[in-house]
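Coordinate inspection notes
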Amino acid sequence: MIKKVHLDHAHLLHLLKAMIRIRRFEAKCVEFYQAQKILGFLHLYDGEEAVSVGVIEALTPQDAIIATYREHGQALTRGVNPGCLMAEMMGKINGCCRGRGGSMHFFDRAHRFYGGNAIVGGGLPLALGVALADKMLGRDAVTACFFGEGAVDEGEFHETLNLAKLWRLPILFVCENNLYSMGMAEARAEADIDLVHKASSYRVAGEKVDGMDVVAVESAAKNAVDRIRSESDPYFLECQTYRFRAHSMFDAQLYRSKEEVEGWRKKGPIIRFQTWLEENRLIKPEELEAIEAEVEKEIAAAVAFAEAGGLEPVSEIERFVTMEAIPS
């Protein structure tokens with residue numbers, strides 16, 4: 001039975017605020033990257049906010065999350081402290097990984113947020129291990145594994161789906177299909193662009209959902225999670241979305257036109273949802289102003305926290321290379 005999302009006023013504002021928070025946080029990241037306060041790789045989530053917000057709304061605190069290198073949205077939505085995330089991106093010791101991971105390797109054990117992974121498809125077998133551990137320990141937990149459509153070509157995808165079905169593991173596979181992977185159109189890379197069909201070859205049930213519609217994503221994710229819990233079986237959700245920015249800050253984007261990107265921006269998840277709220281008189285101008293002001297305040301606090309942090313001392317450079325002894 002398909003369950004509908006309960007859209008009360010507070011929940012609608014919560015969804016909008018969560019997406020705006022991601023967008024504004026990343027805008028600040030771009031600013032800091034250009035100022036060379038953030039170094040290394042930076043993969044932005046603009047345009048895909050509805051996916052992380054919608055899916056994570058369907059999860060409970062005891063559920064686990066495995067993300068990709070484009071993970072800022074998932075970490076923020078999960079509730080990981082924005083200051084710790086900003087500090088991590090700036091390489092500061094007060095970051096969530098003491099500044100050792102950076103943009104692609106967020107991790108927060110308390111929130112069961114098991115990273116960020118710089119390897120395409122690398123999170124899939126990790127999700128398998130987490131879900132297997134939860135099942136063996138008798139935990140009522142689902143593991144949500146986010147990955148892009150480019151990962152579908154990797155061996156890890158096929159091996160993981162096969163074992164997840166074989167062992168009947170509680171995994172929600174969330175494919176964020178933004179159409180271009182790193183820089184090639186899906187139709188030029190895939191002989192079969194029906195990714196749900198590919199999942200079905202391992203007898204993993206699934207569906208496509210409009211990844212630019214936060215309500216549609218939340219509804220699909222909640223039904224998927226309910227099914228996983230009741231049937232103890234994995235499920236595949238293909239969220240059809242689009243990234244507005246380049247693959248990374250080093251991407252010249254020669255594979256798509258500016259007109260195409262602008263066309264998608266006009267139907268982006270935030271403007272689409274906000275317009276719907278306004279047209280149906282579900283949000284007042286002062287409520288929108290309050291949301292934007294609260295988000296700006298949160299980001300300002302995150303920036304202040306990050307900039308106040310120091311760097312890890314050189315004397316600690318070998319720490320964490322091997323596991324520290326546990327006191328008896």
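Structure: above.
Here is a short report on the structure shown in this document.

The rules behind each value
- Residues numbered from 1 in each chain as written.
- Predicted model: local features only at pLDDT ≥ 70, side-chain atom pairs only at ≥ 80, totals over all residues.
- Heavy atoms only, no water.
- Core = buried A, V, L, I, M, F, W, Y, C linked by side-chain atoms within 4.5 Å.
- Buried < 20%, exposed > 50% of the residue type's maximum accessible area, 1.4 Å probe, protein only.
- Contact = heavy atoms within 4.5 Å.
- Pairing = 2+ DSSP bridges.
- Helix = DSSP H or I, 4+ residues; strand = E, 2+ residues; numbered from the N terminus.
- Right-handed = clockwise from strand over helix to strand, strands pointing away.
- Axes fitted to C-alpha atoms, helices over the stretch in contact; angles between N-to-C directions.
- Parallel < 35°, antiparallel > 145°, perpendicular 65-115°, else oblique.
- Nonpolar A, V, L, I, M, F, W, Y, C, P; charged D, E, K, R; others polar.
- Left-handed = near helix turned anticlockwise from the far one by under 90°.
- Polar contact = N/O pair within 3.5 Å; in protein donor to acceptor, adjacent residues only side chain to side chain.

**Digging into the nonpolar core**
- Counting residues in each nonpolar core, the largest one holds 63 residues, and the members touching the most others are L16, M86, L172 and F273.
- Those residues within four positions of M86 in sequence are excluded, and the remaining contacts are F25, K28, C29, F32, I38, A302, V303 and A306.
- Of all hydrophobic cores here, the second largest spans 23 residues; its members include I66, F173, C175 and V196.

**So, the pairing of strand β4 (residues 205–210)**
- By the bridge criterion, six bridges tie β4 to strand β5 (residues 235–240) in an arrangement that is parallel. Paired with D210 across the two strands is Q240, which belongs to β5.
- In this region the chain leaves β4, passes through helix α9 (residues 214–231) and returns to the parallel neighbour β5; the handedness of that crossover is right-handed.

**Regarding the packing of helix α1 (residues 9–34) against α9**
- One can describe the packing of α1 onto α9 by two numbers: an axis separation of 11 Å at closest approach and a directional angle of 105°. With respect to α9, the axis of α1 lies roughly perpendicular. Here H11, L15 and M19 of α1 lie close against α9, whose contacting residues are V214, V215 and E218.
- For the contact of α1 with α9, the per-class residue count stands at four nonpolar, one polar and one charged.

**Side note on the packing of α1 against helix α11 (residues 269–279)**
- The geometry of α1 relative to α11 is characterised by a closest axis approach of 10 Å and an angle of 150° between their N-to-C directions. Here α1 lies roughly antiparallel to α11, going by the angle between them. In the packing of α1 onto α11, the handedness of the crossing is left-handed. Across from L12, L15, L16, M19, I20 and R23 in α1, the residues of α11 making contact are P269, I270, F273, Q274, W276 and L277.
- For the contact of α1 with α11, a count of residues per class yields 10 nonpolar, one polar and one charged.

**Digging into the sheet that holds strand β3 (residues 171–177)**
- Here five strands make up an open sheet; going across it, the order is β1-β2-β3-β5-β4 and the pairing parallel. Taken across any chain shown, the strands that pair with only one partner, and hence form the sheet edges, are β1 (64–66) and β4. Strand-to-strand twist of the sheet, defined as the mean angle between neighbouring strand axes without regard to direction, takes the value 20°.
- Pairing geometry for β3 and β5, over six bridges, is parallel. By the bridge assignment for β5, N177 is matched with Q240.

**Topic: the side chain of N117**
- Tracing the backbone through its elements, the reader meets N117 in the loop between α4 (82–89) and α5 (123–136).
- We classify N117 as buried; its relative accessible area is 12%.
- Here I119 takes part through its backbone nitrogen, which lies 2.9 Å from a polar atom of the side chain of N117.
- Each residue touching N117, except ones within four places of it in the same chain, is listed here: A67, T68, Y69, M104, G122, G123 and L126.

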